[in-house]
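# Residue-level structure breakdown
One-letter residues, chain by chain:
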Amino acid sequence: MDLGLSDARALVTAASKGLGRACAAALAAEGARVFIVSRNETTLAETAAEIGAVGHRALDLARPEAAAQAVEAAVAALGGLDILVCNAGGPPPGTFDSTPLEAWDLGYQLTLMSAVRLAKAALPHLKRSGRGRIVNITSISVRQPIGNLVLSNAFRSAVTAMAKTLSAEVVRDGVTVNNLAPGTILTERVRQLYGDDLERATAEVPAGRLGDPSELGATCAFLCSRQAAFITGQTIGIDGGQLKGVH
Ligand code: NAD
């Protein structure tokens, strides 16, 4: 299927590794012109070369000014913007009891406000595009909170509600807004979280294996395609059956 992405202009954030990288690589493989952002310049430059990104910029998305800088740099490099894939590093783990109040401020900036600020900065360009796409990477936790991840649980739910609200406001401008909710997909973060105990992670997945980042990347590319123009305000689970609820 031709996804109609050749020459689409895409900004993918937190894209030097893992899920963000997989989205950027999938879009580039479909012919999109991709600009990537992440914290570490060296890893980011390597990834940009490996996936054939048009450009890159090292930025820390927990900083309030980073979102507008990311969009500005992408638009300058690409001549406009059709696609925003909005990803950031996960907030620090912890229970409600063990999480200090200051960590809530970091979670708010990194997880919720980076998504809000990126969408705000990108929307004028996405509306101009006429085929705008926003894809937020969230988590299975928006439907089934995960123990010891109170910040992720709280702020990703807020991103989901924000995205749903926004989706109805911009669909007549040709812009769709959707979320990808990964279960356990084998990235560096998951290796760090589970250490040598990947079997424990796998045991929770009816598919009997962990996800591959490329599976999330392919779903992202489809949501960004012309064929997906009528899909908006949705949260799509990519979890091998891990979510236990009906919805
Ligand atoms: P990862 O650690 O493999 O990659 C994270 C990427 O984010 C890297 O490119 C890193 O440079 C970048 N990054 C981190 N903090 C940043 C910051 N402040 N500013 C800019 N860039 C930053 O992680 P991943 O597994 O790809 O996860 C991506 C997101 O998806 C995270 O928020 C994670 O919590 C969430 N998530 C992942 C899974 C999974 O199974 N992998 C499941 C649910 C949710």
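Preceding this section is the structure that the text describes.
I will try to describe carefully the structure that is included in this document. (Residues numbered from 1 in each chain as written. Predicted model: local features only at pLDDT ≥ 70, side-chain atom pairs only at ≥ 80, totals over all residues. Heavy atoms only, no water.)

## Thoughts on the layout of surface pockets
Here is the rule we go by: The definitions used throughout rest on a 1 Å grid laid over the protein atoms alone, on which a cavity is an enclosed set of points accommodating a 1.4 Å probe that cannot get out and a pocket is an open set flanked by protein within 12 Å on both sides along at least five of seven lines; lining residues are those having an atom within 4 Å of a point. Grid points are joined across faces, edges and corners, and a volume is the space filled by probe spheres set on the points. Helix and strand labels come from DSSP, where a helix needs a run of H or I of at least four residues and a strand needs a run of E of at least two; each type is numbered from the N terminus.
Within this model, the largest pocket holds a volume of roughly 1,400 Å³. Forming the walls of the largest pocket are 48 residues, and the residues nearest its centre are Gly-89, Gly-90, Thr-187, Arg-189 and Val-190. Elements with a contribution of two residues or more to the lining of the largest pocket: helix 1 (18-29), helix 4 (101-129), helix 5 (150-170) and helix 6 (188-194). Considering every element that reaches the lining of the largest pocket, the biggest residue donor is helix 6, with 6 residues.

## Concerning the site of the ligand
We apply this condition: For each residue, the test is whether any non-hydrogen atom lies within 4 Å of the molecule or strand; if one does, the residue is near. The definition of a polar contact used here is a pair of N or O atoms within 3.5 Å, where within protein one atom must be able to donate a hydrogen and the other to accept one, and adjacent residues in sequence count solely through side-chain atom pairs. All accessible areas in this document rest on Shrake-Rupley with a 1.4 Å probe, and a residue is counted as covered only by the protein chains that are shown. Any molecule with more than half of its atoms within 2 Å of a cavity's or pocket's grid points is counted as sitting in it. The classification used treats Ala, Val, Leu, Ile, Met, Phe, Trp, Tyr, Cys and Pro as nonpolar, Asp, Glu, Lys and Arg as charged, and all other residues, Gly among them, as polar.
Of all residues adjacent to the ligand, which total 28 residues, the nearest are Ser-16, Leu-19, Ala-88, Ile-185 and Thr-187. Between the ligand and Ser-16, the relevant distance is 2.7 Å, taken from an oxygen atom to a side-chain nitrogen or oxygen of the residue. In the environment of the ligand, an oxygen atom lies 2.7 Å from a nitrogen or oxygen atom belonging to the backbone of Leu-19. Burial of the ligand by the surrounding chains reaches 92%, relative to a free accessible area of 820 Å². Of the pockets mapped on this structure, the ligand occupies the largest pocket. Looking at the shell around the ligand, the elements that each hand over two or more residues are helix 1 and helix 6. By residue number, the principal contributor to the shell around the ligand is helix 6, which donates 3 residues. Residues that form the shell around the ligand fall into these classes: 11 nonpolar, 11 polar and 6 charged.

## Some details on the pairing of strand 4 (residues 83-86)
Stated precisely, the cut-off is as follows: Exposure is judged per residue with a 1.4 Å probe applied to protein chains only, and the accessible area is read against the type maximum: over 50% gives exposed, under 20% gives buried, and values in between give partly exposed. Paired strands are those between which DSSP finds at least two bridges. When the strands point away from the viewer, a crossover counts as right-handed if the path from the first strand over the helix to the second runs clockwise.
Here strand 4 shows no split at all, with Ile-83 and Val-85 on one side and Leu-84 and Cys-86 on the other all buried. Bridge analysis of strand 1 (residues 9-13) against strand 4 gives 3 bridges, and the strand direction is parallel. Across the sheet, Leu-11 pairs through a bridge with Leu-84, a residue of strand 4. Relative to strand 5 (residues 133-137), strand 4 runs parallel, the two being bridged by 4 bridges. Following the sheet pairing, Leu-84 is matched in strand 5 by Ile-134. With helix 4 bridging strand 4 and the parallel strand 5, this β-α-β connection has right-handed handedness.

## Some points on the packing of helix 1 against helix 8 (residues 213-223)
Worth spelling out the cut-off: Throughout, an axis means a line fitted to C-alpha atoms (over the contacting stretch in the case of helices), and angles, computed between N-to-C directions, take values from 0 to 180 degrees. Angular relationships are summarised with four words: roughly parallel below 35 degrees, roughly antiparallel beyond 145, roughly perpendicular across 65 to 115, and oblique for the angles in between. For a crossing to be left-handed, the near helix must be turned anticlockwise from the far one by less than a right angle; the clockwise case is right-handed. Should any heavy atoms of two residues lie within 4.5 Å, those residues are considered in contact.
One way to put it is that helix 1 packs onto helix 8 with a least axis distance of 8 Å and a crossing angle of 50 degrees. Judged on the interaxial angle alone, helix 8 and helix 1 are oblique. Considering only the axes of helix 1 and helix 8, their crossing is right-handed. Each of Gly-18, Leu-19, Ala-22, Cys-23, Ala-26 and Leu-27 in helix 1 lies in contact with helix 8, whose residues at this interface are Pro-213, Ser-214, Leu-216, Gly-217, Ala-218, Cys-220 and Ala-221. Looking at the contact of helix 1 with helix 8 residue by residue, the class counts come to 10 nonpolar, 3 polar and no charged.

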